[in-house]
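Examining the three-dimensional arrangement
Letter by letter, the chains look like this.
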Amino acid sequence: MSTPQEAASAKDGSMIKQKEMIAGHFSALTRAKAEGKKVVYTFVPGNITELLLAFDVLPVYPEINALQSGMRKKSGAYIAEAERLGHSEDVCTYVKCDIGMLKSGNFGPTGEKLPEPDLLLLSYTGCFTFMKWFELLKREYDCPVAMMHVPYQGDGVFTPEMRDYVVAQLRTEVVPALEALTGKKLDEAKLSEALARSRVAEDDLVAVLESAKRRPSPIDAYFGGVYYIGPIFTSFRGTEAAVDYYRTLRAEVDERVRLGLGPLTPDGAITHEKYRLVIEGPPNWTNFQEFWKMFSSEGAVVVASSYTKVGGVYDNGFRHDPERPLETLAEYCAGCYTNLNLPTRIDMLSRYVREYEADGLLINSVKSCNSFSAGQLLILREVEARTGVPGGFIETDLVDPRYFSAANIKNRIESYLQMIEQKRRNASTRAHAATPTVAPPRPAKKLEVLR
Amino acid sequence: MTNEAESGGAAPSAVDEVVARAEALYHDVELSSVQRWRDAHGGAKAVGYMPIYVPRELIHAAGMLPVGLMGGRGQVEIIRGDAWFQSYICQIPRSTIELALTGRYALLDGFLFPSICDVIRNLSGMWKVLFPEKYVRYLDVPQNYDPDVGGRFFGSELRSLYADLCALSGEAPSDERLRASIALYNDNRRSIGRLMELRATEPWSVPAWEVYLALYAGNLLPVEEHTALVDAYIAAARAASRPRRDNARVVLSGAFCEQPPLELIRTLELAGCYVVADDMALGRRWPEGDIEVTGDPIAAIAEAFITRSPATAARYEPHGDRGAPLVQLVRKSHAEGVVLAAPSFCDPALLEQPILQDSLDKERLPWTAFKYSENLGQFQVIREQAGTFADSIKLWSEA
Ligand code: SF4
Ligand code: SF4
């Protein structure tokens, strides 16, 4: 670990920039009504921020509010409030956290009251719950709803018919709703300019994420990764600020590579990378730092994760295309991680294990999210079988503190890392015993679920 | 036809016979009726589909038997299924996997997973991995109801599905056959419509569990046979002159996917509730009314979906809110209260429950809510809850 001074000085660059961007956004939201700016509530996966920028409206992401509430230890009370109002204990806690926050005054992450929406933009990508979430919000606010249904890639492809369907909805539902809201016509040139900026930032984000292929990895692509995706998955994609942020971030990461440094954590840098992991599933937010420490203290670095693809998969080559503004938005929405079918997710995670030379795949299965979680045990088995690395399985929740049992989770992570260690030892014993001319394929391993 | 009193308990009555046949199908977890159909049709193929809605006409027109799959319904022991799903996921995917892994679905050549929730959606991908030799397709349905937008998209999905199904069966695609299939399913929906009307007017003649069995039989029987079964049941039930009880008239809502055990449905009635409308086996009643039998048949199916689908949790409600259709259903069926029955861990049903409850409250319509799972074995608590609910409705209506 580095000294606290080093850790603090590392905060001076991109992190501070991001903090300022977020603070600026929330302060703009606070002033929105007074300044006559329109506010649109929408979702992270399948967000069409560039279009919102073209209309000069301000987005609010209820999911982000929920995760921020989790990090600020407020989610437990919000969820309790929603359950008191009749929301089932069985359903997604993001929804309940948001409803609870709303019923408790709707004070956002900065402690200031969030403005009410002028439009609910229901981008239905990758998760069925979104639709129900906005049906609930619709009752709370007297504002229109624009629905944009993005078909699921059930057969692993986004067909031209699907794309045309989404584009038609943009043309007939979403753009007219934004035009009616703002009294402005869509400025296609402005939209294309934003999309061009998205592209630049996307290139830099991919470079940052792929830096984890190096040894040691200069980043943690999960716990650190969630910070890196913040601007591009939310209100800032398509802005000059995002371009600047990702340029700075990339330069910082390049510098860490040059110096051979490991990832930064809240407790300093990891100086000895012992385990390289791929993680599938969202993180827990209520005990985020504690959770991270369970890995970093063991020298476990996450080199790739699926969660950092929920708001867009860019490492497969997708970039927003300013020449085809509406089509590119449709393709972006369809390509978000949870809109991909299970075979595609298995392929992607197996590829990560191989390309990032990971020692294992760990699944953090969150109770809230059927979109992610249903089928994860099959994903685990398949990735293990294809790559030969051991899989591990832990269960938490996004923002419900009742489902974060620290001692239990720590135990499981430790046993999982021991399993990797054991496997390494066995491999090196075998290597000493016999030196084959051709490396044998890694054996498929039996499903080992850490419960 | 004879009624129960006349039969004197000697020979089974006509209604008992129809119900017994339907009940045998309900318990047919091995799908032996499907095997018999295949044998009788020179080994023709069969395609399974999950709730809520698939256009069965397409499977039928491709010369195959559509087979509705509704989980284990508490009749299979889950051994392997639990290894595939976390504890916080509902039962139906577990029992469905169990049935498949134990070979009970081996005689099905294809599987359709319609858009209903993220669990069924992801199950389609699991199927692709676990059963690569089968035809597997996720069927997305539009949440946009503009005929030129959602209608066009659904039309293109249906065309590609029909082409796939014809490739699977070896039949040449044919509009003529499609129109003939639509006509048969229109007949079927009309018969079911008559049964629903009878239930709404004389619920004592057609107990909810019998109605459910009659609907369920449509999962397995060829469409003409199912229509005949429903018609026979209506005639027999009418003739049976069953006694009218002082039960409360309720709508049962939330059971559109994982099905409540038969015993639970029986329990509601024994506890004093006449179920006058419900959403169990909703796909049997989808769309509402006939599909056009002239012109482009695929466009006709898409149009019917866009304009005449029943309101349910899996469909976006563009106008008003989700509570309004339930209130309308209560009014239309002259119900006195609503039983909100949702499968445990069912996001679509449970997420909207506060909306439904609020809408019912605003209309001063009484409701009660509970969760179930398809393998529930104890009904005492629900019986007491439903009994208290029925009593309170009666007291309320007398006050
Ligand atoms: S179910 Fe998952 S993707 Fe959907 S809103 Fe909840 S956390 Fe987000
Ligand atoms: S019971 Fe509910 S959650 Fe489960 S598969 Fe059916 S719709 Fe989905």
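Quick note: structure is the one above.
Okay, so let's go over this structure.

Reading the values: the criteria
Residues numbered from 1 in each chain as written. Chains lettered and ligands numbered in written order. Predicted model: local features only at pLDDT ≥ 70, side-chain atom pairs only at ≥ 80, totals over all residues. Heavy atoms only, no water. Salt bridge = Lys/Arg side-chain N within 4 Å of Asp/Glu carboxyl O. Buried < 20%, exposed > 50% of the residue type's maximum accessible area, 1.4 Å probe, protein only. Helix = DSSP H or I, 4+ residues; strand = E, 2+ residues; numbered from the N terminus. Near = heavy atom within 4 Å. Nonpolar A, V, L, I, M, F, W, Y, C, P; charged D, E, K, R; others polar. Pairing = 2+ DSSP bridges. Axes fitted to C-alpha atoms, helices over the stretch in contact; angles between N-to-C directions. Contact = heavy atoms within 4.5 Å.

1. Observations regarding the pattern of salt bridges
Considering all chains together, one arrives at 61 salt bridges over all chains under this definition. Here D164(A) and R163(A) are joined by a salt bridge, their closest N and O atoms 3.3 Å apart. In this structure R163(A) comes out as partly exposed when scored by relative accessible area, which is 23%. A salt bridge links D278(B) to R199(B), with the nearest nitrogen and oxygen atoms 2.6 Å apart.

2. Some details on the side chain of T328(A)
When you line up the elements, T328(A) lands in helix α13 (residues 325–335). Using a relative accessible area of 0% as the deciding quantity, one classes T328(A) as buried.

3. Quick word on the environment of G268(A)
Along the polypeptide, G268(A) turns up in strand β6 (residues 268–269). A sequence separation of 192 residues divides G268(A) from G76(A), and the C-alpha atoms of the two residues are 29 Å apart.

4. Some thoughts on the site of ligand 2
Looking at ligand 2, there are 13 residues lining it, with C90(B), C117(B), I120(B), C257(B) and C346(B) nearest. Within the shell around ligand 2, the residues separate by chemical class into 11 nonpolar, no polar and two charged.

5. Topic: the sheet that holds strand β2 (residues 65–68) of chain B
Residue and element names in this part refer to chain B. The parallel open sheet is built from four strands, whose spatial order is β2-β1-β3-β4. The sheet terminates laterally at β2 and β4 (135–139), the two strands that pair on one side only. This sheet shows a mean twist of 20° between the axes of neighbouring strands, independent of strand direction. In this sheet, β2 lies alongside strand β1 (residues 46–49) in parallel orientation, the contact comprising four bridges. The residue of β2 that forms the bridge with G48 is V67. Relative to the sheet, helix α7 (residues 147–169) contacts β1, β3 (110–114) and β4, its axis offset from that of β4 by approximately 170°.

6. Here we look at the site of ligand 1
Neighbouring ligand 1 are the residues C92(A), Y94(A), C127(A), T129(A), F130(A), W133(A), S368(A), C369(A) and L398(A). Grouping the amino acids of the shell around ligand 1 by side-chain chemistry returns seven nonpolar, two polar and no charged.

7. Description of the pairing of strand β9 (residues 360–366) of chain A
All names here are of chain A. Burial of β9 is extensive: seven of the seven residues sit out of reach of the surface. Of the two faces of β9, the one lined by G360, L362, N364 and V366 and the one lined by L361, I363 and S365 are each fully buried. Relative to β9, strand β7 (residues 275–280) is paired through four bridges, and the arrangement is parallel. Within the sheet, the bridge partner assigned to I279 lies in β9 and is L362.

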